[in-house]
Amino acid sequence: MDPVAQMKAKVGQVSAQLVESGMTLGLGSGSTAEYMIKDVGQRWQNGELTNLTAVCTSFQSSVLAQGFGIPQQQLNDVDRIDLGIDGADEVDSNLNLVKGGGGCQTREKLVDSRVDRLVIVVDAGKLVDQLGSSMPVPVEVVPEAYRQVAAKLRDLDGDPELRMAVRKAGPVVTDEGNLILDTRFSAIPDPEKLESTINNIPGVLENGLFLNMADEVLIGHIADDGAVSVETRTRK
């Protein structure tokens, strides 16, 4: 297992131990969350966890949970979500996030905003000094409006690019049937203002700035000797 995978696996294992019987659980998306879901699934199958209900943030996480037989409900069917565990593509010093590398940002934000406690799981490579410095901000748009939204993003000094599929002709289509404009900004000095401004563009469904949402971030680190550890950061 390569070092990054080792960090992700360790963080997934640690975060899975936060899950308790009787919880309604928000299951996140992405490569690190995948390790967490597998660990939760094994605890479920072993009988260590009982009476769980999962609300999934993507088709990916739903399929993984289904493979372990974890009961699932839709967001509209639950009154509360006790714990959400999700991944991120960037984490800054204030525990603000950029998400959406997997194209699931809309459902992730819907679920993550409903949880009583949101725990983000990442490897150390996802830490950044400023949001948007290592990856673009995903902006989900209705297909009929992607060109006019792209023009508005350029007016905000963004550099939008329609996300194209790999090993499939055409663009990526989200679980909601929309397109994604990956938008790079030279700097994001005011993330709150940018998030609001983008979401007010007609044709935009949601964007990948997740601000003031994470309660804790679990970060996987690997030392020179190969030892893997997990650091916990808590929102002030």
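Residues numbered from 1 in each chain as written. Predicted model: local features only at pLDDT ≥ 70, side-chain atom pairs only at ≥ 80, totals over all residues. Heavy atoms only, no water.

**Q** What is the right way to read the packing of aromatic side chains from this model?
**A** When we look at a pair of aromatic rings, we describe it by the centre distance and by the angle of the planes. Under the definition given, this model contains 0 aromatic pairs. Seen from the ring of F210, K99 lies directly overhead, with NZ or CZ sitting 5.4 Å from the centre. When the ring centre of F210 is taken as origin, the NZ or CZ atom of K109, which lies over that ring, is 4.8 Å away. (Phe/Tyr/Trp six-rings, centres within 6.5 Å; stacked < 30°, edge-to-face > 60°. Lys NZ or Arg CZ within 6 Å of the ring centre and 35° of its normal.)

**Q** How should the packing of helix 2 (residues 31–45) against helix 3 (residues 59–67) be read in this particular structure?
**A** Helix-helix packing is described using two parameters, namely the angle between the two axes and the distance between the axes. Following both chains from N to C, one finds helix 2 and helix 3 inclined at 25°, their axes separated by 9 Å at the closest point. Here helix 2 is positioned roughly parallel relative to helix 3, judged by the angle of their axes. Of the two elements, helix 2 crosses helix 3, and the hand of that crossing is right-handed. In this structure, helix 2 uses E34, I37, K38 and Q45 to contact helix 3, whose residues at the interface are Q60, S61, L64, A65 and G67. Looking at the contact of helix 2 with helix 3, its residues break down into 3 nonpolar, 4 polar and 2 charged. (Axes fitted to C-alpha atoms, helices over the stretch in contact; angles between N-to-C directions. Helix = DSSP H or I, 4+ residues; strand = E, 2+ residues; numbered from the N terminus. Parallel < 35°, antiparallel > 145°, perpendicular 65-115°, else oblique. Left-handed = near helix turned anticlockwise from the far one by under 90°. Contact = heavy atoms within 4.5 Å. Nonpolar A, V, L, I, M, F, W, Y, C, P; charged D, E, K, R; others polar.)

**Q** Looking at this structure, how should I read helix 3?
**A** Residues that lie three or four places apart on an α-helix share one face, since the helix turns once every 3.6 residues. Of all the residues in helix 3, the buried ones are S61, L64 and A65. Projected onto a plane normal to the axis of helix 3, the buried residues spread over an arc of 95° and lie on a single side. Opposite its buried face, helix 3 presents the exposed residues F59, Q66 and G67, each directed more than 90 degrees away. Here the buried face of helix 3 lies against strand 1 (24–27), helix 2 and strand 2 (53–56). Phi turns positive one or two residues past the end of helix 3, at G69, with a value near 80°. (Buried < 20%, exposed > 50% of the residue type's maximum accessible area, 1.4 Å probe, protein only. Arc of directions from axis to C-beta.)

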